[in-house]
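Structural description and commentary
Here is what each chain is made of, one letter per residue.
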Amino acid sequence: MRSTRSIRRAQRGVSLPMIAFAVAVMAVILAAVAQQRVRAANELAGRSLGSVLNEFGSAVELYRTSNLAVLTGSGPVAVTGFADPYAPTTTELAAAGILSAPLNLPAADYQIRLQRSPLGCTAPADDPCTVWAQTSLTNPILEPDGTLSAARLSSLVGRITTASASFSGPPNPAIIVGGSGSWTVANPDPGARNGIVMMVSGLGGGGEPWLRVGDTRNPNFQGPSVTGTQFDTPLKTVGDACVPQGAFASAANGIVYCNAGFWMLYDGPIVVGGATCTIDGAMGVTAAGASLMCIQGAWRDHLTYGVRSQAYYTHNTTVVQPTCGVGLTPIATAASASASVIIGANNPGNNTGSFEVAISPSYVVSITGSTGVQAGAGARALVTTACAPT
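Since the model is a prediction, treat every value here as computed from it, not as a measurement. (Residues numbered from 1 in each chain as written. Predicted model: local features only at pLDDT ≥ 70, side-chain atom pairs only at ≥ 80, totals over all residues. Heavy atoms only, no water.)

This brings us to the environment of Q374. Position of Q374 among the secondary structure elements: in the loop between β16 (365-369) and β17 (380-389). C-alpha separation for the pair Q374 and N316, spaced 58 residues apart in sequence, amounts to 9.5 Å. (Helix = DSSP H or I, 4+ residues; strand = E, 2+ residues; numbered from the N terminus.)

The structure is reproduced here in structure tokens:
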């Protein structure tokens, strides 16, 4: 039998120091889990707000580029539907169809400002002259203790792709630096607080008046080069098959024209049909969009140039003339002739054994033998029509 001392020793259990140690370890684990959950919640909140601001930034950028000419012009600046053209709101952007729907972002929570660059410039007198936009949140994104909420800010900025985004912070919260140091803007917050988020577009770049894929604007080129209505077509792809020869259309990266059955990128000059040119084979286009080619020293129609048709004609019939473009004249050429020698005392044909085809200035076909007598009734001439230089 065990002694009483042994039984008492077995009944002592876990000591108080061990319990205290276990509690401390558990507290550390729970604190780490809580911190992880807080960080995950902050990251989720940052991504959510970043997605909203990303859509916001896209709308502001489209508004900026769509109204660039008005916003940099010398006359009174007014954009229909916007009380202050240099400070659009989400409600105004949505009403104009630029924003899909008003964002769940009260007007007091954000600020949009557009400014001319250089300050006070006027287009086209000043070159360059553009407008850049800054969109900022009015409230900082901070932790309860007043420090920057790194998790929320990093997730938010990482979600924005439609503009260059950054935020104010140490060592100098009075300025906001973004774009890997390519732009520096004063903190719009009156107190220059840390954690003010800002999106910037158009700063340091050109005016970007060109059209983009997905643009809702219709081309309306107002210079002396192109009228633009002929380019209001579905986007074509360079290298794809096309008809008819000489047609023009729009592509994602420029203007294309149909040549030899394929869309090719166009970079030719604006020319006048019938005017002189120096490089045979060079391509041009009229202000109305017609494709021209330099042929024998003059700009001539590209669409109708060359062979137009081939057909068989009998004696004393008229060839159908093709319709030719500027600088070209319809012509008809006999490619071949066929006839039969008719044997017999009363035959109406020609028995000379050789036949000639002639086409008069009025395009009437004659098929005769060497003696000038009409060939037999079965005679045929293959005639090719074309549009050739005058």
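Okay, the sheet that holds β17 next. Reading across from one edge, β13-β17-β14 is the order of the three strands in this open sheet, with antiparallel pairing throughout. The open sheet has two free edges, formed respectively by β13 (306-313) and β14 (328-338), since each of these has just one partner strand. Averaged over neighbouring strand pairs, the angle between their axes works out to 20° when direction is ignored. As judged from the ten bridges shared by β14 and β17, these two strands associate in the antiparallel manner. From the neighbouring strand, T329 faces β17, where its bridge partner is A388. (Pairing = 2+ DSSP bridges. Axes fitted to C-alpha atoms, helices over the stretch in contact; angles between N-to-C directions.)

Under the defined criterion, the tally for this structure stands at two salt bridges. Across the salt bridge formed by R64 and E61, the nearest N and O atoms sit 2.9 Å from each other. On the criterion of helical spacing, the pair formed by R64 and E61 is a turn pair, its members being three residues apart in helix α2 (residues 16-66). An identical accessibility class is assigned to R64 and E61; each is buried. In this structure, the salt-bridge partner of D189 is R193, at a minimum N-O distance of 2.9 Å. (Salt bridge = Lys/Arg side-chain N within 4 Å of Asp/Glu carboxyl O. Buried < 20%, exposed > 50% of the residue type's maximum accessible area, 1.4 Å probe, protein only.)

Turning to the environment of A150, a few remarks are in order. With respect to the element layout, A150 can be found in helix α5 (residues 150-159). With 45 residues separating them in the primary sequence, A150 and G195 have C-alpha atoms 9.2 Å apart.

On to the sheet that holds strand β1 (residues 110-117). If you walk across this open sheet you meet the four strands as β1-β2-β6-β3, and the pairing is antiparallel. The outermost strands of the open sheet, each flanked by one partner alone, are β1 and β3 (164-167). Within this sheet the neighbouring strands show an average axis-to-axis angle of 20°, counted without direction. Where strand β2 (residues 130-137) and strand β6 (residues 197-201) come together, four bridges link them in antiparallel fashion. The residue bridging A133 from the neighbouring strand is S201, located in β6.

The pLDDT averaged across the protein works out to 77; a share of 74% of its residues lies at or above 70. Low confidence marks residues 223-231, where pLDDT is under 50. Its contacts with residues over four positions away, or in another chain, come to 18 contacts. (pLDDT = per-residue confidence, 0-100. Contact = heavy atoms within 4.5 Å.)

Next up on the list: unusual backbone geometry. Note that the residue after S117, namely P118, is joined by a cis bond; omega there is 0°. By the element assignment, P118 lies in the loop between β1 and β2. Its identity as a non-glycine residue notwithstanding, Q296 has a phi of 50°, on the positive side. Here Q296 is to be found in the loop between β11 (291-295) and β12 (298-301). Non-glycine residue N316 carries a positive phi angle of around 70°. The residue N316 is located in the loop between β13 and β14 in this model.

The next point concerns the state of the cysteines. Counted according to the given criterion, the structure contains four disulfides. One disulfide bridge connects C324 with C387, the sulfur atoms lying 2.0 Å from each other. An S-S torsion of about -85° defines the bridge between C324 and C387 as left-handed. Of the two residues, C324 is situated in the loop between β13 and β14 and C387 in strand β17; the sequence distance between them amounts to 63 residues. For the protein, the bonded cysteines connect in the pattern 1-2, 3-4, 5-6, 7-8 when numbered consecutively along the sequence. (Disulfide = S-S within 2.5 Å.)

Moving on to the packing of aromatic side chains. Counted under the stated rule, the structure contains two aromatic pairs. Each ring, one from F56 and one from Y110, has its centre 4.9 Å from the other, and the planes form 90°; the classification is edge-to-face. Taken together, the residues F56 in helix α2 and Y110 in strand β1 connect sequence positions 54 residues apart. When its relative accessible area of 0% is taken as the criterion, F56 is described as buried. By relative accessible area, which is 7% here, Y110 ends up buried. (Phe/Tyr/Trp six-rings, centres within 6.5 Å; stacked < 30°, edge-to-face > 60°.)

In this section: the nonpolar core. Ranked by internal contacts, the top residues of the largest apolar core, which has 27 residues, are L53, F56, Y63, L93, L114, V197 and M199. Those elements giving two or more residues to this core turn out to be α2, α3 (68-71), α4 (90-95), β1, β2, α5 and β6. Considering every element that reaches this core, the biggest residue donor is α2, with five residues. Excluding residues within four positions of it along the chain, Y63 makes contact with L71, V79, F82, P85, P88, L93, I98 and L114. (Core = buried A, V, L, I, M, F, W, Y, C linked by side-chain atoms within 4.5 Å.)

Okay, the pairing of β16 next. For β16, the buried fraction is high: four of the five residues fall into the buried class. Where strand β15 (residues 355-359) lies against β16, five bridges are found, and the strand directions are antiparallel. By the bridge assignment, I359 is partnered in β16 with V365.

Moving on, we come to the pairing of β6. Extensive coverage of β6 is indicated by the burial of five of its five residues. Residues of β6 alternate between two faces, with V197, M199 and S201 on one and M198 and V200 on the opposite face, all of them buried.

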